[in-house]
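Breakdown of the fold
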Amino acid sequence: MTYETIIVEQPADGVGLVQLNRPRAFNALTGALMDELMTALESMDADDTIRCMVITGSSKVFAAGADIGEMAQAAPADLIHMDFIARWERLRGIHKPVIAAVAGYALGGGCELALACDMIVAAENAVFGQPEINLGVIPGAGGTQRLARTIGKALTMEMVLNDRRLSAAEAERFGLVNRVVPTEDYRDAAVKLAAEIAARAPLAVRLAKDAVNMALETTLSAGLAYERNHFYGLFSTHDQKEGMAAFLEKRDPDWQGR
Ligand code: CAA
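These remarks concern the structure in this document. Remember, it's a predicted structure, so these values are computed and weren't measured experimentally.

**Here's the deal with helix H1 (residues 31-45)**
In this model H1 runs 21 Å from its N-terminal to its C-terminal C-alpha over 15 residues, within 8% of the 21 Å that 1.5 Å per residue would give. Listing the buried residues of H1 in full gives Gly-31, Leu-33, Met-34, Glu-36, Leu-37, Met-38, Ala-40, Leu-41, Met-44 and Asp-45. Where H1 is buried, its residues contact strand S1 (6-12), strand S2 (15-20), strand S3 (52-56), helix H2 (68-71) and helix H4 (109-116).

**Some words on the site of the ligand**
Neighbouring the ligand are 22 residues; Ala-66, Gly-109, Glu-112, Glu-132 and Gly-140 lie closest to it. One of the side-chain N or O atoms of Glu-112 is found 2.7 Å from an oxygen atom in the ligand. Relative to its unbound accessible area of 980 Å², the ligand is 61% covered by the protein chains. When residues of the shell around the ligand are traced back to their parent elements, those giving at least two are H2, strand S6 (105-107) and H4. Across the shell around the ligand, the residue classes break down as 14 nonpolar, four polar and four charged.

**Some points on the nonpolar core**
Counting residues in each nonpolar core, the largest one holds 43 residues, and the members touching the most others are Leu-113 and Phe-128. Tallying contributions element by element places H1 first for this core, with seven residues. Those residues in contact with Leu-113, other than ones at most four positions away along the chain, are Leu-20, Leu-29, Met-34, Leu-37, Ile-55, Phe-62, Trp-88 and Leu-91. By size, the runner-up hydrophobic cluster in this structure holds 19 residues, among which are Cys-52, Ala-190, Leu-193 and Ala-194.

**Remarks on empty space enclosed by the protein**
In this approach the atoms are scanned with a rolling probe the size of a water molecule, which exposes any empty space left behind. Evaluation of the coordinates by the stated rule reveals one cavity of 30 Å³ or more. Around the largest cavity, the lining residues are Met-34, Met-38, Ile-85, Trp-88, Glu-89, Leu-91, Arg-92, Leu-113, Ala-116, Ala-141 and Arg-146. Where the lining of the largest cavity is concerned, the elements lending two or more residues are H1 and H4. Each residue belonging to the lining of the largest cavity can be placed in one class, and the counts come to eight nonpolar, no polar and three charged.

**Some points on the environment of Leu-29**
Structurally, Leu-29 is set in the loop between S2 and H1. Remark: the alpha-carbon pair of Leu-29 and Gly-109, spanning 80 residues in sequence, is separated by 7.3 Å. When sequence neighbours within four positions are dropped, the list of residues in contact with Leu-29 reads Leu-20, Met-34, Ala-63, Gly-65, Ala-66, Asp-67, Trp-88, Gly-109, Gly-110 and Leu-113.

**Things to note about the pairing of strand S7 (residues 119-123)**
Among the five residues in S7, four count as buried, and that is most of the element. Across four bridges, strand S5 (residues 98-102) lies against S7 in parallel orientation. Each residue of the ladder has a partner; that of Ile-99, found in S7, is Met-119.

**As for the state of the cysteines**
In the structure shown here, the tally under the stated rule is zero disulfides. Free cysteine: Cys-111, not disulfide-bonded; nearest cysteine sulfur from Cys-117 at 11 Å. Since its relative accessible area comes to 1%, Cys-111 is described here as buried. Sulfur of Cys-117: no disulfide; nearest cysteine sulfur belongs to Cys-52 and is 10 Å away.

**Observations concerning the pairing of S3**
Counted residue by residue, S3 has five buried out of five residues, so it is predominantly covered. In this sheet, S3 lies alongside S2 in parallel orientation, the contact comprising five bridges. Bridge pairing links Val-15 to Cys-52 in S3. Running through H1, the crossover from S2 to the neighbouring parallel element S3 is right-handed. As paired elements, S3 and S5 share four bridges and run parallel to each other.

The rules behind these values
- Residues numbered from 1 in each chain as written.
- Predicted model: local features only at pLDDT ≥ 70, side-chain atom pairs only at ≥ 80, totals over all residues.
- Heavy atoms only, no water.
- Helix = DSSP H or I, 4+ residues; strand = E, 2+ residues; numbered from the N terminus.
- Expected span 1.5 Å × (residues − 1).
- Buried < 20%, exposed > 50% of the residue type's maximum accessible area, 1.4 Å probe, protein only.
- Contact = heavy atoms within 4.5 Å.
- Near = heavy atom within 4 Å.
- Polar contact = N/O pair within 3.5 Å; in protein donor to acceptor, adjacent residues only side chain to side chain.
- Areas by Shrake-Rupley, 256 points an atom, 1.4 Å probe, with all protein chains shown as cover.
- Nonpolar A, V, L, I, M, F, W, Y, C, P; charged D, E, K, R; others polar.
- Core = buried A, V, L, I, M, F, W, Y, C linked by side-chain atoms within 4.5 Å.
- 1 Å grid on protein atoms, 1.4 Å probe; cavity = no way out; pocket = protein on both sides within 12 Å on 5 of 7 lines; lining within 4 Å.
- Points joined across faces, edges and corners; volume = space filled by probe spheres on them.
- Pairing = 2+ DSSP bridges.
- Disulfide = S-S within 2.5 Å.
- Right-handed = clockwise from strand over helix to strand, strands pointing away.

Put into structure tokens, the structure is as follows:
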């Protein structure tokens, strides 16, 4: 498959990487780019040789948001017909873990794309913000919801209502990102994290992601029941028998994903 706005690589065993690649437009997220990104992720999700994915931009910009030129003259009906934001929801259907490797600007839809990933590795030069208020609109790809659930109401209000931007260090302090690394290392650090996860028991990783995400969707009682079902269900797998036998026999497990 050839892509025009993204670059797809396999930088380590079990790791698929998608680089957003519209450098002259600061990786502004056109509908075409989002379609390519989602198609690439879905194809990796179905590929047995890939077990964890990384989305990244360049060392200067992750993504500066949805493409303003593309939507400036749009009417609501145009956005609906284009499926402008709905295509972003496809990321929620990805079963394998997705890590955002963020350097430079992650603004508007760029911040929302990172937030929709399962983890974020940030470079020291990363900047997170929701500047849509400057354009007379609000975040449309999950910013108000995911930020409020992640960093709380007070700071989210400031970011969304008044374009308060977070440095990488602030993002780490407020729990938005998993770790901050020197800018020259951000991509390697994300690939290393992805490779570590890729080497783990695939079914357990998949159900773990699913159970954690459920915590953000449901009540505690329903979430605990959901987790327990996944836990019990994993006892039907080869990898549970293998993992526990390997522990007792003091050897490394041989995961088979079944
Ligand atoms: N859409 C389209 N083009 C964009 C863009 C965007 N979101 N962000 C940057 N660009 C383009 C600029 O138009 C410019 O193109 P030209 O060279 O052809 O003029 C190029 O990228 C470089 O931008 P600047 O000259 O502005 O570079 P800078 O270094 O001075 O500033 C920036 C960089 C801070 C990222 C600034 O470009 C900026 O503020 N961009 C817009 C950020 C924004 O408002 N994002 C929210 C978009 S709306 C959204 O995302 C809705 C949603 O929730 C899904």
